[in-house]
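Structural description and commentary
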Amino acid sequence: MRTGGSKAFFIHTFGCQMNQADSGIITAILQQEGYSAAESEVDAGIILLNTCAVRENAVDRIEHYLQHLHGLKKRHKGLIVGLAGCVPQFQKEEMFSMFPVIDFLAGPDTYRTLPLLIEQARIGLRSSSLDFNPLETYEGIDPVRQGPLSAFVPVMRGCNNMCAFCVVPFTRGRERSHPLSSVISEVRQLVESGYREITLLGQNVNSYCEPEKGTDFATLLDAVSREAPDARIRFTTSHPKDISEALVRVIADRPNICNHIHLPVQSGSSKMLGLMNRGHTIEEYRQKIALIREKIPGVAITTDIIAGFCGEEESDHQATLDLLTDVRFDLAYMFYYSERPGTLAARTLEDDLPESLKKRRLQEIIDLQNSISDKLYQEAVGTVVEVLAESESRRSAQQLMGRTDTNRVVVFDREHYKAGDLLKVRITSSTSATLIGKPDQRADAAS
Ligand code: SF4
């Protein structure tokens, strides 16, 4: 018997913040049914993998982990293994034949069935629950949060776009938004519990549209920021076509909405954006960036880039490098294209670039972006920034790490500060991904 007993469960979460938020929902659902969260995998009688199908390496990591669980299950009879999230939704029951260690499968819309799936696994039945439910928003479930400081609040699920490279429309279904009143009451509870940072989440967060009433994301964001005036408010992930003037105005006007927008572009070429079915041109993207920069001084913009998508020519790649140079993103998540089965691209386009070329272009993008981030971070040396302390630094117990409202990581001398403190830090040095500094009490006293 595992130390936590047969009702103890442990969740391994892969992928994005949405998956992390979903793990909080799964934990709440299981706890309501008398299951308990184990401290570690070693203590658990039930191991759940909450999975992501977006990147190839995320799927590879799941496969490696399932092989590890295969060995574990041989040594611990009665151990139950479940797969939740996007991978089973996408791969369906073939996961059972690929990985005999799996006892059950649950898709992103069926977490309420997990207790039933576990009970069936106990009596030797392998079952799956993979239906889409266009009404499921998990309203009424109070998610179990990771820590006492920062909380994710999903405000919409699914995606109505059909970007050619993306599996999300096939794994998470159509868009559906939570009622504004339920988002506000969740935020109110978080404020009462002392949370200092709230991140509104959605696959396509700024296409939020309240059922029946049609309330848009700008209105929701404004209402959330007023409900939690002392908390930092963040949101992710935004789609360029849904950045409106009203939304930019709200971010500019409300002091507690962070000056950071993650705005995936994927390519600097309109031809590639067309092939990717992104729904906008590069000129339109650049116009949105200009609007954001004009209305929100000091804003940090981050992005996602895919190198080597189907049909990309050297001139398209050069357009991406030009875009990076012009926009000066704070940071970019950069990948080379790998085909995901079943996507629009897999069905309609030829993955025609050799891997060596994709890797070469990706490396050029990474090198350029790193040099841009490096310069931007160097420019911050000598300035004083406001930091929300999050945790002990990984390198030293004498230092804390936190973030600026522009989402830059800052490592600073601990002195008497602790997680949750908001303080001024004078930046003394930098790398391409971290600012390093010391608390500046004079600036604190002056503010
Ligand atoms: S907007 Fe495009 S990339 Fe984002 S989740 Fe939807 S389909 Fe995928």
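Residues numbered from 1 in each chain as written. Predicted model: local features only at pLDDT ≥ 70, side-chain atom pairs only at ≥ 80, totals over all residues. Heavy atoms only, no water.

A few points about the overall build of the protein chain
- Within the protein chain, the secondary structure is distributed over 15 helices and 19 strands.
- For 447 residues, the compact-globule estimate of 2.2 N^0.38 gives 22 Å, and the C-alpha radius of gyration of the protein chain, at 23 Å, lies within 12% of that figure.
- Taken over the C-alpha atoms alone, the protein chain extends approximately 65 × 55 × 50 Å along its principal axes.
- With 447 residues in all, the protein chain has 54% of them scored as buried.
- A separation threshold of at least 6 residues defines the contact pool for the protein chain, and within that pool the share at least 24 residues apart is 71%.
- Averaging the positions of the 50 positive and the 59 negative side-chain charges in the protein chain gives two centres separated by 3 Å. (Helix = DSSP H or I, 4+ residues; strand = E, 2+ residues; numbered from the N terminus. Rg over C-alpha atoms; globule rule 2.2 N^0.38 Å. Buried < 20%, exposed > 50% of the residue type's maximum accessible area, 1.4 Å probe, protein only. Contact = heavy atoms within 4.5 Å. Lys, Arg positive; Asp, Glu negative; His and termini not counted. Charge placed at Lys NZ, Arg CZ, Asp CG, Glu CD.)

Here we look at the domain arrangement of the protein chain
- Here the protein chain is described as being made up of domain 1 (8–129), domain 2 (150–374) and domain 3 (384–446).
- The C-alpha centroid of domain 3 is placed 27 Å from the C-alpha centroid of domain 2.
- Each side of the interface is counted separately: domain 2 has 13 residues, and domain 3 has 13 residues.
- At the boundary of domain 2 with domain 3, total buried surface from both sides reaches about 1,100 Å², with 43% on carbon and sulfur atoms.
- Interface area lost by domain 2 to domain 3 is led by Arg196, Arg232 and Asp330, which between them contribute 45%.
- Counting across the domain 2 and domain 3 interface gives 8 residue pairs in polar contact (both at pLDDT 80 or more).
- Broken down by secondary-structure element, the contributors of at least two residues to the side of domain 2 that touches domain 3 are β11 (232–236) and α14 (355–379). (Domains from an automatic or database assignment. Buried area = accessible area lost by both parts, 1.4 Å probe. Polar contact = N/O pair within 3.5 Å; in protein donor to acceptor, adjacent residues only side chain to side chain.)

Points about the pattern of salt bridges
- Evaluated as defined, the whole model comprises 29 salt bridges.
- For Asp326, the salt bridge identified is with Arg286, shortest N-O distance 2.9 Å. Placement of Asp326 in helix α12 (residues 314–327) and of Arg286 in helix α11 (residues 282–295) is noted, with a sequence separation of 40 residues between them.
- A salt bridge links Lys418 to Asp421; its shortest N-O distance comes to 3.1 Å. (Salt bridge = Lys/Arg side-chain N within 4 Å of Asp/Glu carboxyl O.)

Let's talk about the site of the ligand
- The ligand sits among Cys159, Asn161, Cys163, Phe165, Cys166, Val168, Pro169, His239 and Arg278.
- Looking at side-chain class alone, the shell around the ligand contains 6 nonpolar, 2 polar and 1 charged residues. (Near = heavy atom within 4 Å. Nonpolar A, V, L, I, M, F, W, Y, C, P; charged D, E, K, R; others polar.)

Here we look at the sheet that holds strand β12 (residues 260–262)
- What the 3 strands build is an open sheet, ordered β12-β13-β14; its pairing is parallel. What marks the edges here is a single partner per strand, and that holds for β12 and β14 (331–336). For this sheet the average axis-to-axis angle between neighbouring strands, irrespective of direction, equals 10°.
- Relative to β14, strand β13 (residues 300–307) is paired through 6 bridges, and the arrangement is parallel. Bridged to Ile305 within β14 is Met334.
- Contacting β13 and β14, α14 crosses the sheet at an angle of about 170° to β14. (Pairing = 2+ DSSP bridges. Axes fitted to C-alpha atoms, helices over the stretch in contact; angles between N-to-C directions.)

Quick notes on the sheet that holds strand β7 (residues 150–154)
- What the 3 strands build is an open sheet, ordered β7-β10-β11; its pairing is parallel. In the strand order of this sheet, the two ends are held by β7 and β11, each with one partner. In this sheet, neighbouring strand axes are inclined to one another by 25° on average, regardless of whether the strands run parallel or antiparallel.
- Strand direction decides the pairing type here: β7 and strand β10 (residues 197–201), joined by 5 bridges, are parallel. Residue pairing in the sheet places Ala151 in a bridge with Ile198 of β10.
- Its contacts with the sheet put helix α7 (residues 180–192) on β7 and β10, and the angle it makes with β7 is roughly 170°.
- Where helix α8 (residues 217–227) meets the sheet, its contacts fall on β10 and β11, and the angle it forms with β11 comes to roughly 155°.

Quick notes on unusual backbone geometry
- Looking along the chain, the bond that leaves Thr236 and enters Thr237 is cis, with omega of 0°.
- Within the secondary structure, Thr237 sits in the loop between β11 and α9 (245–253).
- Look at Glu212: it is not a glycine, yet its phi comes out positive at around 65°.
- As for its placement among the helices and strands, Glu212 is situated in the loop between β10 and α8.
- Take Glu212: its relative accessible area is 86%, and that puts it in the exposed class.
- Even without a glycine there, the phi angle at Asn277 is positive, about 60°.

Comments concerning the pairing of β10
- The buried fraction of β10 is high, at 5 of 5 residues.
- A two-sided burial pattern is seen for β10, the buried positions comprising Glu197, Thr199 and Leu201 on one face and Ile198 and Leu200 on the other.
- In the sheet, β10 pairs with β11 via 5 bridges, with the strands oriented parallel. Bridging from a neighbouring strand, Glu197 pairs with Arg232 of β11.

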